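Reading the structure
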Amino acid sequence: MIGLGCSKQAFAKIATPREASSNQVIAFDVDSRGRIIELGRFDTQGQGTGAPLGNQSAIALDASDRWMFVTNAGSSSLTSFRLQPTGLQLVNVVNSGGYQPISVTVFGTLVYVLNEGSHNPSDPEEIRYDNISGFRFTGGGVLVPIPNSTRIIDNTQPTAPAQIGFNKSGTVLLITEKATNTLTTYLVQQDDTPALQPLKRPSAVPTPFGFTFGDRDFVFITEANGGGLGETVSYRIDRVTGAVSNAVDRIEQGNAACWTVLSSDQTVGYTTNTADGSVSLYRVNFNGTMDYFFNSSVDTPIPTGAGVRDAVLLQNNHFLFTLNNGDGRVRSFWVNRSGSIAPRGMATIPGSATGLIAR
């Protein structure tokens, strides 16, 4: 587990060199100057793959910041932790409902995991195909599978899914499909299971990847364009029907734009450009449109280090953190009142690190 922050913490699920036999979470703390200090490493009692995954949100916190849920991509399982002042206390480990869990999302006491399929014709359908599966957690943080909650995303082809996420009202689940250039949504029914059939629409740009929900039902999705010049694209998702609108707005970012996060007041966005090792800043307007952050007609990215993937803000917005697989670092950036960033501290992590969260 990685913890960072002035009496706050950031947590990153990372893939250590020995992750194939023991998946771990590394915790760091960060002081008021942005210096990052490792607090400890916590075994998930699951396995990883020993390599980065083409995913986002491999680790998630609930809204109370009491419970953490971690995917174990190498052992088809999901781990629940209780957050403690000194680290993490393991609660339980459950089967993820599919082959390779790569992304997890939480709303209330609901937890949904995205599983990438084995694509082995001899495996059962729930293992062979990409799917989603649901859980509830108890007052003690114990994960319990929801009956009849597993849904196959596409039984005709691999989708290379990247992320699953609830909208802000918890009525819709969104999945990005990199291989099919598709945005897939499921309505969440009264019994907390997904609708039997999803809604699908093509993304505005190829390779939709990471996303974050804003206010007024807007969602901001990084579309990596096959590793070329990517864009952040805004859409609106109907909370009643689950339908995804046409693109509200598009803004060019860097090469292989893969993840985006919004400030707590929803006015500034940060997109990581993996191929460039940079972060692009953009302004978010009330109507879901976007403008370049700096006074320019083109993107003006900020260098972050090689192979940047994830980015996360502390809840108080004082620091932005990036996870850089290319040079094995987690980096902190001071965020000033305008939303611009400046580099501060860094800590070493394995290059196979996957997932980053903060509180």
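Since we're looking at a predicted model, the values are computed, not measured. (Residues numbered from 1 in each chain as written. Predicted model: local features only at pLDDT ≥ 70, side-chain atom pairs only at ≥ 80, totals over all residues. Heavy atoms only, no water.)

**Describing the overall build of the chain**
Broken down by element type, the chain carries one helix and 30 strands. Relative to the compact-globule value of 21 Å for 359 residues, the chain shows a C-alpha radius of gyration of 19 Å, a close match. Reported as C-alpha extents along the three principal axes, the dimensions of the chain are approximately 50 × 45 × 35 Å. Burial status across the chain gives 59% buried among its 359 residues. A separation of at least 24 residues holds for 52% of the contacts in the chain among residues at least 6 apart in sequence. Accessible surface computed for the chain: about 13,300 Å², of which carbon and sulfur atoms make up 50%. Of the charged side chains in the chain, 26 are positive and 29 negative, and the gap between their average positions amounts to 7 Å. (Helix = DSSP H or I, 4+ residues; strand = E, 2+ residues; numbered from the N terminus. Rg over C-alpha atoms; globule rule 2.2 N^0.38 Å. Buried < 20%, exposed > 50% of the residue type's maximum accessible area, 1.4 Å probe, protein only. Contact = heavy atoms within 4.5 Å. Areas by Shrake-Rupley, 256 points an atom, 1.4 Å probe, with all protein chains shown as cover. Lys, Arg positive; Asp, Glu negative; His and termini not counted. Charge placed at Lys NZ, Arg CZ, Asp CG, Glu CD.)

**Points about the packing of aromatic side chains**
Tallied over the full model, the rule gives seven aromatic pairs. With a centroid separation of 4.9 Å and an interplanar angle of 85°, the aromatic rings of Phe293 and Phe294 are classed as edge-to-face. Pairwise contacts between aromatic rings join Phe107, Tyr112 and Phe166 into one cluster. The ring of Phe293 carries the charged tip of Arg283 above its face, separated from the ring centre by 4.1 Å. (Phe/Tyr/Trp six-rings, centres within 6.5 Å; stacked < 30°, edge-to-face > 60°. Lys NZ or Arg CZ within 6 Å of the ring centre and 35° of its normal.)

**Things to note about the sheet that holds strand S15 (residues 182–187)**
Within a sheet, neighbouring strands are paired by backbone hydrogen bonds and run either parallel or antiparallel to one another. The antiparallel open sheet is built from four strands, whose spatial order is S13-S14-S15-S16. Bordering the open sheet on either side are strand S13 (161–166) and strand S16 (199–202), each of which pairs with just one other strand. Taking the axes of each pair of neighbouring strands and ignoring which way they run, one obtains an average angle of 20° across the sheet. Here strand S14 (residues 172–177) pairs with S15 via six bridges, running antiparallel. (Pairing = 2+ DSSP bridges. Axes fitted to C-alpha atoms, helices over the stretch in contact; angles between N-to-C directions.)

**Overview of the environment of Ser263**
Within the element layout of this structure, Ser263 appears in the loop between strand S21 (257–262) and strand S22 (268–273). The spacing of Ser263 and Leu313 is 50 residues in sequence and 7.3 Å in space, taken between C-alpha atoms. Beyond its immediate stretch of four places on either side in the chain, Ser263 contacts Val268, Leu313 and Asn317. Here Asp265 takes part through its side chain, which lies 2.6 Å from a polar atom of the side chain of Ser263. (Polar contact = N/O pair within 3.5 Å; in protein donor to acceptor, adjacent residues only side chain to side chain.)

**Let's talk about unusual backbone geometry**
Positive phi, close to 60°, is recorded for Asp65, a residue that is not glycine. Mapped onto the elements, Asp65 comes out in the loop between strand S4 (59–61) and strand S5 (67–72). Even without a glycine there, the phi angle at His119 is positive, about 60°. Considering the arrangement of structural elements, one finds His119 in the loop between strand S9 (110–116) and helix H1 (125–128). His119 gets classed as partly exposed once you look at its relative accessible area, which sits at 35%.

**Quick look at the sheet that holds strand S29 (residues 341–348)**
The four strands lie next to each other as S26-S27-S28-S29, forming an open sheet whose pairing is antiparallel. Of all the strands in the sheet, the pair left with one neighbour each is strand S26 (308–313) and S29. Here the strands of the sheet are splayed against their neighbours by 25° on average, with no regard to which way each runs. As defined by bridge partners, S26 adjoins strand S27 (residues 319–324) across four bridges and the pair is classed as antiparallel. What sits directly across from Leu313, in S27, is Leu320.

**A word on the pairing of S14**
Of all six residues that make up S14, six are buried, and the element is covered over most of its length. The side-chain alternation of S14 yields two buried faces, one formed by Val172, Leu174 and Thr176 and the other by Leu173, Ile175 and Glu177. As paired elements, S13 and S14 share five bridges and run antiparallel to each other. What sits directly across from Gly165, in S14, is Leu174. Where S13 folds back on S14, the antiparallel hairpin that results is connected by five residues, among which Gly170 adopts a positive phi of roughly 75°. Between S14 and S15, which pair antiparallel in sequence order, lie four residues; one of them, Asn181, sits at a positive phi of approximately 55°.

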